[in-house]
Amino acid sequence: MLAHHDRMAGAAIFVLSVAAFAWTYTFPDSAAAYARMITGSMVVLSAVMFGRSFTAAERDKVFEPLMRHPRRFAVGAAMTVAYCVGCEYVGYYTASLVFIPTAAWVFGLRRPVMIAVTTVAYCAMIYGIFEVLFERPLPPEVWMAWFGE
Amino acid sequence: MFEPLIHSFWVTIQPDVMLAITGGVILGILFGAMPGLTATMAIALLIPLTFGMQPLVALGMLAGVHNGASYGGAIPAVLLRIPGTPGAICTTFDGYPMSKQGLARTALWIAVVSSAVGGMVSAISLMLLSPPLARVTLAFGPPEIFWVNVFGLASIAVLLGDDPVKGLLASLFGLLLGCVGIDMVTGHERFTFDILYLVSGLPLLIVLVGLYAMPPAWEMAEEANLTGVTQKDLEFKDSRGIDLPLGELLATWARSCVIGIIIGILPGVGGTAGGFIAYNEVRRASRDPDSFGKGNPMGVACAESANNADNAAAMIPALTLGVPGSGLAALMLGALLIHGLQPGPQLFREAPDIVFGYMWAMFISSGLLIVFGGMMATRLFAQILRLPQVLLMPLIIAITVIGAYTFQNSFFDVYMMLLFGFVGFLMERLKFPIAPTILGLVLGDKAEFNMRTSLLMGQGDPAILFTRPISQAVIVLVVLVLLYPVWRWWQEKRRGRAGEDFRHEPPLGGE
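Conventions we followed
Residues numbered from 1 in each chain as written. Chains lettered and ligands numbered in written order. Predicted model: local features only at pLDDT ≥ 70, side-chain atom pairs only at ≥ 80, totals over all residues. Helix = DSSP H or I, 4+ residues; strand = E, 2+ residues; numbered from the N terminus. Rg over C-alpha atoms; globule rule 2.2 N^0.38 Å. Buried ≥ 20, exposed ≤ 12 C-beta atoms within 10 Å, placed from the backbone. Contact = placed C-beta atoms within 7 Å. Expected span 1.5 Å × (residues − 1). Nonpolar A, V, L, I, M, F, W, Y, C, P; charged D, E, K, R; others polar. Core = buried A, V, L, I, M, F, W, Y, C linked by C-beta atoms within 7 Å. pLDDT = per-residue confidence, 0-100. Bend = angle between axes of the 7 residues up to and from the residue. Axes fitted to C-alpha atoms, helices over the stretch in contact; angles between N-to-C directions. Parallel < 35°, antiparallel > 145°, perpendicular 65-115°, else oblique. Left-handed = near helix turned anticlockwise from the far one by under 90°.

Undergrad: Teacher, can you tell me more about the overall build of chain B here?
TA: When its secondary structure is counted, chain B shows 23 helices and two strands. The C-alpha atoms of chain B give a radius of gyration of 22 Å, which matches the 24 Å a tight globule of 511 residues would have. When its C-alpha atoms are laid out on the principal axes, chain B stretches across 75 × 55 × 50 Å. Taking all 511 residues of chain B together, 62% fall into the buried category.

In structure tokens:
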């Protein structure tokens with residue numbers, strides 16, 4: 001129920017805005033004025049958002065759920081976080097060569113040739129654009145260090 | 001005025017810029033053709049890639065993507081009744097029925113030529129209207145600029161989404177993000193959590209990529225769509241010929257372009273609204289209004305020309321006042337800042353080749369649509385529809401991560417981008433518009449600088465913000481924009497529908 005989500009979001013924003021508003025009292029006056037204006041307005045608007053979720057018109061509304069498929073979202077998000085960590089510790093290409101096919105497979109795609117061709121083509125494209133064309137360093141591959149590079 | 005315009009033309013047709021424009025158009029069409037991938041997302045993904053480029057090369061590429069994606073949305077709209085971009089919704093009304101009648105080829109031809117016409121007319125309006133408007137803004141001092149910034153934020157916040165409270169909260173969130181870092185006057189740290197990385201403020205690019213590019217990828221993970229379309233869905237051969245009355249087509253383009261340009265200029269209103277208004281207007285003026293929605297070629301022509309006429313026109317207030325006409329223009333404003341270009345009259349004085357070159361890039365990329373959106377190419381672009389979304393999802397994430405990393409070769413940026421990805425996902429699901437947040441971040445320190453300079457000018461007296469005539473005029477506009485939802489609610493109440501759908505009627509604009 002989106003109305004409930006609105007109520008929760010309104011409450012959460014209200015609490016965070018009050019905290020940010022209070023934080024501005026640790027700033028010098030001239031640095032605080034503008035930040036206080038913003039956070040103060042957020043406090044008022046979030047209170048409005050919270051309060052109106054109790055009105056008759058809002059209370060009875062039925063809306064789409066916040067997550068359509070919570071499990072799939074959780075898996076997708078967790079894989080994204082793991083991929084970012086992987087890029088940092090094992091290198092961009094290695095992490096991508098694992099992440100792209102794994103994600104496609106986990107979400108149900110069973111076309112190995114298409115997955116393999118797409119993954120390799122993507123890595124080649126990234127190499128061409130970032131390393132050859134723009135000469136931008138990418139996160140280094142961990143196995144390169146094993147060979148002393 | 002014409003000298004820098006002509007000079008910048010020669011700069012724009014240099015091979016590197018032309019290559020960037022061409023690449024941008026191709027990428028834009030590909031993105032637009034794929035439902036779920038929008039022009040906004042394409043630009044958000046490509047900005048990091050353009051970071052090392054010369055500003056005009058980068059802006060040329062983004063101009064190509066902007067126009068390319070606006071047309072690309074028509075391909076699935078005609079073939080599958082799925083608008084590839086929000087702007088292509090009206091194209092489905094007559095494009096798909098034409099396709100069902102065996103006229104897909106004709107519908108796509110009308111779509112591409114109408115897109116090109118709309119885009120070129122819009123670029124000409126940008127060239128003609130921006131310089132005089134920029135000269136007018138020379139009369140603006142810090143108090144006026146402060147109120148113009150407030151006006152931009154208020155209009156995007158109130159008019160773009162369907163809930164003014166959420167729009168304003170999104171704007172304020174952007175302004176708050178803009179406060180993070182060292183205060184430029186006192187040197188005091190604000191909202192940095194004692195994290196060294198945050199001392200210099202949140203990088204616009206990282207916030208922008210996180211908010212715009214990550215949520216659609218996770219949405220694809222949620223949907224887990226395994227199949228692309230089949231080859232049979234992409235049949236192009238027309239079963240019969242059709243006579244297109246050129247006079248009627250020209251009149252339709254003229255009417256739709258004017259509507260698209262006006263809608264594009266109005267801050268916060270640009271986006272999908274132009275197509276809808278033009279469609280209704282052309283249908284109303286037609287001798288056969290009942291044929292609309294059943295495969296009338298003029299329905300496709302007006303939707304596509306108005307949709308593309310919005311593109312460059314939305315940049316008129318963005319380049320001159322820093323107030324974007326649409327969510328996409330807000331993103332382009334961010335791209336300008338990332339390349340070190342400050343919108344406003346000084347932009348026309350200090351970097352005429354870049355600003356006029358950008359206008360030429362908008363014009364040229366619209367023309368290139370006819371080349372790359374031709375039948376052969378459209379047939380190729382449509383093939384991207386065969387790629388399953390579960391395979392696109394990891395590709396988008398991988399390219400987003402590398403874009404964030406290469407910005408400063410820092411993984412802190414990547415994790416920060418990830419955090420904003422989650423924030424963006426929640427904002428989308430809770431129906432908070434994202435463009436006001438980006439605009440808040442873009443305009444935040446400008447608004448603060450002008451407010452504080454005004455107070456210094458007034459020796460601490462805030463009255464200076466309210467007493468100058470131009471400021472007062474802009475304040476009236478701000479009040480009108482803020483009162484617009486109240487007026488809309490009152491109108492609804494008068495019609496006896498108050499409380500039913502005031503907050504859920506379609507917004508004026510769209511991202």
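Next comes the rest of the account.
Undergrad: Quick question: what am I supposed to make of the overall build of chain A here?
TA: If you tally the helices and strands in chain A, you get seven helices and zero strands. Reading chain A from its N end, one meets helices and strands in the order α-α-α-α-α-α-α. Relative to the compact-globule value of 15 Å for 149 residues, chain A shows a C-alpha radius of gyration of 24 Å, a clear excess of over 25%. Judged by the C-alpha coordinates and their principal axes, chain A covers about 60 × 45 × 25 Å. For chain A, the residues scored as buried account for 28% of the 149 residues in total. When contacts within chain A are restricted to residue pairs at least 6 apart in sequence, those whose partners lie at least 24 apart make up 59%.

Undergrad: Would you take a moment to explain helix α6 (residues 89-100) of chain B for this structure?
TA: Residues spaced three or four apart along an α-helix point in a common direction, a consequence of the helix completing one turn every 3.6 residues. Residue and element names in this part refer to chain B. For α6, with twelve residues, the first-to-last C-alpha span of 17 Å sits near the 16 Å given by 1.5 Å per residue. Of all twelve residues that make up α6, ten are buried, and the element is covered over most of its length. Taken together, the buried positions of α6 are occupied by C90, T91, T92, F93, D94, G95, Y96, P97, M98 and S99. The elements touched by buried residues of α6 are α5 (74-80), α7 (104-136), α12 (273-285) and α13 (297-313).

Undergrad: How do you make sense of the interface of chain B and chain A when you look at a structure like this?
TA: A common measure of how large an interface is: the accessible area buried when the components associate. Of the residues lining the interface, 41 residues belong to chain B; the matching set on chain A comes to 52 residues. Elements supplying a minimum of two residues to the side of chain B that touches chain A: α9 (164-179), α10 (204-223), α19 (389-408), α20 (411-429) and α21 (435-457) of chain B. Considering each element in turn, the side of chain B that touches chain A owes the most residues, eleven residues, to α19 of chain B. Per-class residue counts for the side of chain B that touches chain A are 30 nonpolar, six polar and five charged.

Undergrad: Which parts of the structure should I look at to understand the nonpolar core?
TA: Membership of the largest hydrophobic core comes to 215 residues, with the highest contact counts inside it found for A42 and L208 of chain B. If we skip the residues at most four places from it in the chain, A42 of chain B touches L27, G28, F31, L37, V65 and A69 of chain B.

Undergrad: In this structure, what is going on with the confidence of the model for chain B? I would like to understand it.
TA: In low-pLDDT regions, the fine details of the predicted coordinates are not to be read closely. All names here are of chain B. Within chain B, residue pLDDT values average 85, and 92% of them lie at 70 or more. Taken together, the stretch residues 501-511 has pLDDT below 50 and engages in 32 contacts with residues farther than four places along the chain or on a different chain. Here the predicted complex carries an ipTM of 0.93, next to a pTM of 0.82.

Undergrad: Got a minute to help me understand α10 of chain B in this structure?
TA: All names here are of chain B. In a regular helix each residue adds 1.5 Å, so 20 residues correspond to 28 Å; α10 covers 29 Å between its end C-alpha atoms and thus fits that length. Along its length, α10 shows its largest kink, about 30°, at G210. Counting buried residues along α10, 18 of its 20 residues qualify, which places the element largely inside the surrounding structure. Taken from the residues just after α10, A224 is the one with a positive phi, measuring 45°.

Undergrad: Help me understand the packing of helix α4 (residues 70-90) of chain A against α19 of chain B, please; the structure alone is not making it clear to me.
TA: Helices that pack against each other are described as a pair by the angle of their axes relative to one another and the distance between those axes. Running from N to C, α4 of chain A and α19 of chain B cross one another at 40°; their axes reach a closest spacing of 11 Å. One finds that α4 of chain A runs oblique with respect to α19 of chain B. Judged by the twist between their axes, the crossing of α4 of chain A over α19 of chain B is right-handed. In contact with G76, T80, Y83, C84 and C87 of chain A of α4 of chain A, α19 of chain B contributes M393, I397 and V401 of chain B. Residue classes in the contact of α4 of chain A with α19 of chain B are distributed as six nonpolar, two polar and no charged.

Undergrad: Can you help me understand unusual backbone geometry in this one?
TA: Residues apart from glycine generally show negative phi values, whereas peptide bonds are mostly found in trans. All names here are of chain B. Despite not being glycine, F193 shows a phi value in the positive range, around 55°. Relative to the helices and strands, F193 is located in the loop between β2 (189-190) and α10. Positive phi values are uncommon outside glycine, yet Q459 reaches one of about 50°. Tracing the backbone through its elements, the reader meets Q459 in the loop between α21 and α22 (464-467). Q459 sits in the exposed class, given 7 other C-beta atoms within 10 Å.

Undergrad: Honestly, the environment of G295 of chain B in this entry has me stumped. Any pointers?
TA: Residue and element names in this part refer to chain B. Along the chain, G295 turns up in the loop between α12 and α13. Taking the number of C-beta atoms within 10 Å as the measure of exposure, G295 has 21 and is therefore buried. C-alpha of G295 to C-alpha of Y96: the two residues are 199 residues apart in sequence and 7.3 Å apart in space.

Undergrad: How should the environment of L465 of chain B be read in this particular structure?
TA: Residues and elements named next belong to chain B. Relative to the helices and strands, L465 resides in helix α22. Residue L465 is classed as buried on the basis of its C-beta count, with 21 C-beta atoms lying within 10 Å. Separated by 321 residues in sequence, L465 and E144 have C-alpha atoms that sit 7.7 Å apart. Filtering out sequence-adjacent residues up to four positions away, L465 remains in contact with P143, F146, S454 and S471.

Undergrad: In this structure, what is going on with the packing of helix α4 (residues 55-72) of chain B against α7 of chain B? I would like to understand it.
TA: Residues and elements named next belong to chain B. Packing of α4 against α7 brings their axes to within 10 Å, and their N-to-C directions diverge by 145°. Classified by chirality, the crossing of α7 by α4 is right-handed. Touching N67, S70 and Y71 of α4 are A111, V112, S115 and G119, all from α7. Among the residues making up the contact of α4 with α7, the classes are represented as three nonpolar, four polar and no charged.

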